[in-house]
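# What the coordinates show
Next come the chains, spelled out residue by residue.
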Amino acid sequence: MRIFIDKQSPKAFHALRQTAEAVRTVAAEAGLDRTAVELINLRVSQMNGCAYCLDTHTRAALRAGESTQRLGVLAAWRDTEVFSPTERAALELAEATTDPSDSVRQQSAYETARQVLTDDQISAAIWVAVTINAFNRVSIMSKHPVRANRDAPGEKSGVPLSDG
């Protein structure tokens with residue numbers, strides 16, 4: 001059984017939650033809407049393999065008005081035409097932030113972002129990625145469980161219904 005580090009060290013977790021609230025405010029003030037923030041949260045969580053954060057932020061994205069099509073293709077966002085230039089630049093920055101070991105990729109992401117995003121948006125996108133990376137590590141190391149959501153449309157006992 002793992003320790004839920006958020007429960008074991010609540011003051012530290014509270015500080016992380018306060019950081020997340022500040023980052024959401026910074027993102028909104030910079031003009032990154034809630035769906036863009038949730039796309040960053042989801043893409044970073046996909047890269048890190050954080051089931052708990054994927055579950056949490058999928059529901060948040062849907063509440064913010066995100067489409068199931070875009071959520072379904074997010075892992076392959078480069079191969080689609082469904083994301084705006086702003087979202088694409090933010091996703092590229094988020095990926096470079098999550099895996100910063102490739103300096104060429106990092107520079108490319110930054111150059112792309114400079115063409116599309118304001119300085120405030122670049123900063124906000126990086127802060128969103130930094131923050132969700134921290135939450136991913138908390139959930140992964142705590143092994144936060146993901147339980148079936150019996151209230152979700154199209155699901156029965158947590159198993160998606162087939163399309164026929």
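Please refer to the structure higher up on the page.
Residues numbered from 1 in each chain as written. Predicted model: local features only at pLDDT ≥ 70, side-chain atom pairs only at ≥ 80, totals over all residues. Heavy atoms only, no water.

### Describing the nonpolar core
Threshold: Throughout this description, the term nonpolar core refers to a set of buried Ala, Val, Leu, Ile, Met, Phe, Trp, Tyr and Cys residues connected via side-chain atoms within 4.5 Å. The cut-offs for exposure are 20% and 50% of the maximum accessible area for each residue type, with area from a 1.4 Å probe on protein chains only; residues under the lower value are buried, those over the upper are exposed, and the others partly exposed. Helix numbers and strand numbers start at the N terminus; a helix is a DSSP run of H or I with at least 4 residues, a strand a run of E with at least 2. By definition, residues are in contact when any of their heavy atoms lie within 4.5 Å.
Counting 28 residues, the largest nonpolar core has Ile-40, Leu-93 and Phe-135 as its most contacted members. Mapped by element, the contributors of at least two residues to this core are helix H2 (10-30), helix H3 (34-48), helix H6 (85-98), helix H7 (103-116) and helix H8 (119-142). The dominant element in this core, judged by the number of residues it contributes, is H8, at eight residues. Residues within four places of Leu-93 in sequence aside, it is in contact with Ala-109, Tyr-110, Ala-113, Leu-117, Ile-122, Ala-125 and Ile-126. Grouped together as the second largest cluster of nonpolar side chains are eight residues, Leu-39, Leu-71, Trp-77 and Leu-91 included.

### Comments concerning helix H4 (residues 51-63)
How we decide: Working rule for helices: expected span equals 1.5 Å times residues minus one. The arc in question is traced by the directions running from the helix axis to the C-beta atoms.
The end-to-end C-alpha distance of H4, which contains 13 residues, comes to 18 Å, matching closely the 18 Å that a straight helix rising 1.5 Å per residue would cover. Burial in H4 covers these residues: Cys-53, His-57, Ala-60 and Ala-61. Angular distribution of buried residues about the axis of H4 spans 100°; they occupy a single face of the element. Residues of H4 that are buried in the fold lie against H3, helix H5 (68-73) and H8. Immediately downstream of H4, the backbone of Gly-65 shows phi near 100°, a positive value.

### Side note on H8
Helix length check: H8 (24 residues) gives 35 Å between terminal C-alpha atoms against 34 Å at 1.5 Å per residue, within 8%. Backbone geometry just after H8 places Lys-143 at a positive phi near 55°.

### Details of the packing of H3 against H4
Using the following cut-off: Axis definition: a line fitted to C-alpha atoms, limited for helices to the stretch in contact. Angles are taken between N-to-C directions and run from 0 to 180 degrees. Oblique is the label for any angle not under 35 degrees, not over 145, and not in the 65 to 115 range, which are roughly parallel, roughly antiparallel and roughly perpendicular in turn. In this scheme the crossing of two helices becomes right-handed for a clockwise turn of the near helix relative to the far one and left-handed for an anticlockwise turn of less than a right angle. Residues are grouped as follows: Ala, Val, Leu, Ile, Met, Phe, Trp, Tyr, Cys and Pro are nonpolar; Asp, Glu, Lys and Arg are charged; all remaining types, including Gly, are polar.
For the pair H3 and H4, interaxial distance at closest approach is 9 Å and the crossing angle is 160°. The angle between the axes of H3 and H4 places the two elements in the roughly antiparallel class. The two elements H3 and H4 cross, and the hand of that crossing is left-handed. Along the contact surface, H3 presents Glu-38, Asn-41, Leu-42, Ser-45 and Gln-46, while H4 presents Cys-53, Leu-54, His-57, Thr-58, Ala-60 and Ala-61. Residue composition of the contact of H3 with H4, grouped by class: five nonpolar, five polar and one charged.

### A word on the pattern of salt bridges
Put simply, the test is: A pairing counts as a salt bridge when a side-chain nitrogen of Lys or Arg comes within 4 Å of a carboxyl oxygen of Asp or Glu.
In the structure shown here, the tally under the stated rule is 10 salt bridges. Note that Glu-66 is salt-bridged to Arg-70, the shortest N-O span being 2.5 Å. Classification of Glu-66 by relative accessible area gives buried; the value is 7%. The class for Arg-70 is buried, based on a relative accessible area of 13%. Each of Arg-43, Arg-78, Glu-95, Asp-99 and Arg-105 takes part in a single network of salt bridges with overlapping partners.

### Focus on the state of the cysteines
To be explicit about the condition: Count a disulfide wherever a pair of cysteine sulfur atoms falls within 2.5 Å.
Per the counting criterion, the structure on display carries zero disulfides. With no disulfide of its own, Cys-50 lies closest to Cys-53 among cysteine sulfurs, the gap being 3.5 Å. Owing to a relative accessible area of 1%, Cys-50 belongs among the buried residues under this scheme. Residue Cys-53 is classed as buried on the basis of its relative accessible area, which comes to 5%.

### Digging into the packing of aromatic side chains
To be explicit about the condition: Only centres within 6.5 Å qualify two rings of Phe, Tyr or Trp (six-membered ring in Trp) as a pair; their planes then separate them into stacked at under 30 degrees, edge-to-face at over 60, and tilted for everything else.
Tallying each qualifying case throughout the model produces one aromatic pair. Between Phe-13 and Phe-135 the ring centres are 5.8 Å apart and the planes differ by 90°, which places this aromatic pair in the edge-to-face class. Here the residue Phe-13 occupies a position in helix H2, and Phe-135 occupies one in helix H8, the gap between them amounting to 122 residues. On the basis of relative accessibility, which here comes to 19%, the residue Phe-13 falls in the buried class. By relative accessible area, which is 16% here, Phe-135 ends up buried.

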